[in-house]
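# Notes for the structure review
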Amino acid sequence: MDTQVHEVATGVSFLSAGIANLYFVGEDASRWILVDAGMHGYFDTVMKAAESKFGAGAAPLYIVLTHGHFDHAGSAAALAKRWRVPIYAHKMEIPFLTGKSDYPPPDPTVGGAMSLLGRFFPNRKVHLNGLVEELGDSLPNFDEWQVHYTPGHTPGHISFFRPKDRTLIAGDAFTTVDLDSFSAMATKKQEVSRPPAYFTSDWEAAHHSVEHLADLAPRVLAAGHGLPMSGAEAGEQLNALAEQFPVPEKGRYVNEPVRADESGITYLPPPVSDPLPKVAAGIGVAAAAAGLTAALVARSRKVKREKEKQQQEQLDKDNRAA
């Protein structure tokens, strides 16, 4: 696995851990934090990356989560235990990290590449009970960073902004790759895009969060998915997303969002019709029928060839006898 970290801004570097990014914030080996923690199974990758950047035995002051989905918090518990540091998250996110409430079910009906692939994700739950603490209005020991509440993708999603150089760590409030496009994901084309649709449970709140972040006028965009972007074009693309936010045409949470409080989900919209399993089943039946037909045709051809061979052998025998 790649353990190389890449600098985004002064004192901010990123590492791709699975399908999501995590960020090392800080320049001093005795004063740094980890923003998000990657997927399950990336403990060694993150440890090696941290030691290559800060030195052997280096540990952060704490881990802070933009949100608790499996691709952002999967390795958080293992890392926190090894480093013996706390994990911080927003109070609205904590019920989903402690087993008090499940996250809203993912919505594969919104369409797009990631929503299709998401059907096969190992969507493991993250259990941080006894390890996670409520984050206040600021990052402890990092007063230069602001904490911004940006719900929508999850009920307790947060982002971090450093005004002095306008650096934004956005989690999944938006992405810098179009997760609805297979080609964009393959080429890693940089493009400010909506949050991952598959897991977004409140589209109106998600839109408001993008508008809020655009109002900060960031110049460095460090998102949870996609290569970070910087410069005037990055800000312009974020403004464009805020102005023309693409809410999916269909989906479980499009017309009615999940409602939640500090105890977890209080209302969950009913499921919507998902035609894909039926389509897939139909495709499977058709494929099986086609396979059976092909097998029968092949068998028939084989029998015909054997019969013709026998006839030719008999004809040759008769000719030799004559």
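In short, a report on the structure. (Residues numbered from 1 in each chain as written. Predicted model: local features only at pLDDT ≥ 70, side-chain atom pairs only at ≥ 80, totals over all residues. Heavy atoms only, no water.)

Two numbers describe a pair of aromatic rings. These are the distance of the centres and the angle of the planes. Under the defined criterion, the tally for this structure stands at ten aromatic pairs. Judged by centre distance (6.2 Å) and plane angle (40°), the rings of Phe14 and Tyr23 are tilted. With respect to class, Phe14 is no different from Tyr23; both count as buried. An angle of 75° between the planes, with centres 4.8 Å apart, marks the rings of Tyr198 and Phe199 as edge-to-face. On the basis of relative accessibility, which here comes to 8%, the residue Tyr198 falls in the buried class. (Phe/Tyr/Trp six-rings, centres within 6.5 Å; stacked < 30°, edge-to-face > 60°. Buried < 20%, exposed > 50% of the residue type's maximum accessible area, 1.4 Å probe, protein only.)

Here the focus is the environment of Leu65. Along the chain, Leu65 falls in the loop between strand E5 (63–64) and helix H2 (70–73). Taking the C-alpha atoms as reference points, Leu65 and Tyr88, 23 residues apart in sequence, are found 6.3 Å from one another. What Leu65 contacts, discounting residues up to four positions off in sequence, is Asp36, Ala37, His72, Ala73, Ala76, Ile87, Tyr88, Ala89, Leu97, Leu128 and Ile158. (Helix = DSSP H or I, 4+ residues; strand = E, 2+ residues; numbered from the N terminus. Contact = heavy atoms within 4.5 Å.)

Attention now moves to the pattern of salt bridges. Taken as a whole, this structure holds five salt bridges when the rule is applied. We note a salt bridge from Arg119 to Asp274, for which the minimum N-O separation is 3.0 Å. Here Asp274 lies in the loop between strand E14 (264–267) and helix H9 (276–321) and Arg119 lies in the loop between helix H5 (113–117) and strand E7 (132–134), a separation of 155 residues in the sequence. By relative accessible area, which is 22% here, Asp274 ends up partly exposed. (Salt bridge = Lys/Arg side-chain N within 4 Å of Asp/Glu carboxyl O.)

The geometry of helix H1 (residues 43–54) relative to helix H3 (residues 76–83) is characterised by a closest axis approach of 9 Å and an angle of 50° between their N-to-C directions. Overall, the two elements H1 and H3 adopt an arrangement that is oblique. For the element pair H1 and H3, the recorded crossing hand is right-handed. Counted together, Phe43, Val46, Met47 and Ala50 of H1 and Ala78, Leu79, Arg82 and Trp83 of H3 form the full contact between these two elements. Here the contact of H1 with H3 is composed, by residue class, of seven nonpolar, no polar and one charged. (Axes fitted to C-alpha atoms, helices over the stretch in contact; angles between N-to-C directions. Parallel < 35°, antiparallel > 145°, perpendicular 65-115°, else oblique. Left-handed = near helix turned anticlockwise from the far one by under 90°. Nonpolar A, V, L, I, M, F, W, Y, C, P; charged D, E, K, R; others polar.)

Residues of H3 that are buried include every one of Ala76, Ala77, Leu79, Ala80 and Trp83, and no others. Angularly, the buried residues of H3 cover 165° about the axis, an arc narrow enough to put them on a single face. For H3, exposure combined with an orientation more than 90 degrees from the buried face picks out Lys81 and Arg82. Residues of H3 that are buried in the fold lie against strand E4 (31–35), H1, E5, H2 and strand E6 (87–89). The positive-phi residue at the C-terminal boundary of H3 is Arg84, with phi of around 60°. (Arc of directions from axis to C-beta.)

Phe24, Leu34, Ile63, Leu79, Trp83 and Leu128 are the most contacted members of the largest nonpolar core, which totals 36 residues. Mapped onto this core, the elements with two or more residues apiece are strand E2 (12–17), strand E3 (20–28), E4, H1, H2, H3, E6 and helix H4 (94–97). Residue contacts for Leu79: discarding those within four places in its chain leaves Leu34, Ala37, Phe43, Val46, Met47 and Ile63. Of all hydrophobic cores here, the second largest spans 25 residues; its members include Ala214, Met229, Ala234 and Tyr253. (Core = buried A, V, L, I, M, F, W, Y, C linked by side-chain atoms within 4.5 Å.)

A few words now on the sheet that holds E2. Sheet architecture is open: seven strands sit in the order E1-E2-E3-E4-E5-E6-E7, paired in mixed fashion. Each edge of the open sheet carries a strand with a single partner, namely strand E1 (6–9) and E7. Bridge count for E4 against E5 is two bridges, and the pairing is parallel. Opposite Leu34, over in E5, you have Ile63 as the bridge partner. (Pairing = 2+ DSSP bridges.)

Secondary-structure assignment places Ser209 in helix H7 (residues 203–215). What Ser209 contacts, discounting residues up to four positions off in sequence, is Thr150 and Pro151.

Here H7 spans 18 Å end to end across 13 residues, near enough to the 18 Å set by a 1.5 Å rise per residue. At its buried positions, H7 is contacted by strand E9 (158–162), strand E10 (167–171) and helix H8 (232–243). A distance of 3.3 Å separates the backbone nitrogen of Glu204 from a side-chain oxygen at the start of H7, and that oxygen is part of Asp202. (Expected span 1.5 Å × (residues − 1). Polar contact = N/O pair within 3.5 Å; in protein donor to acceptor, adjacent residues only side chain to side chain.)

What follows deals with the sheet that holds E10. Spatially, five strands are ordered E8-E9-E10-E11-E12 in an open sheet, and the strand pairing comes out mixed. What marks the edges here is a single partner per strand, and that holds for strand E8 (146–149) and strand E12 (229–230). As paired strands, E10 and strand E11 (residues 220–223) are joined by four bridges and run parallel to one another. Looking at E11, one finds that Leu168 is bridged to Leu221.

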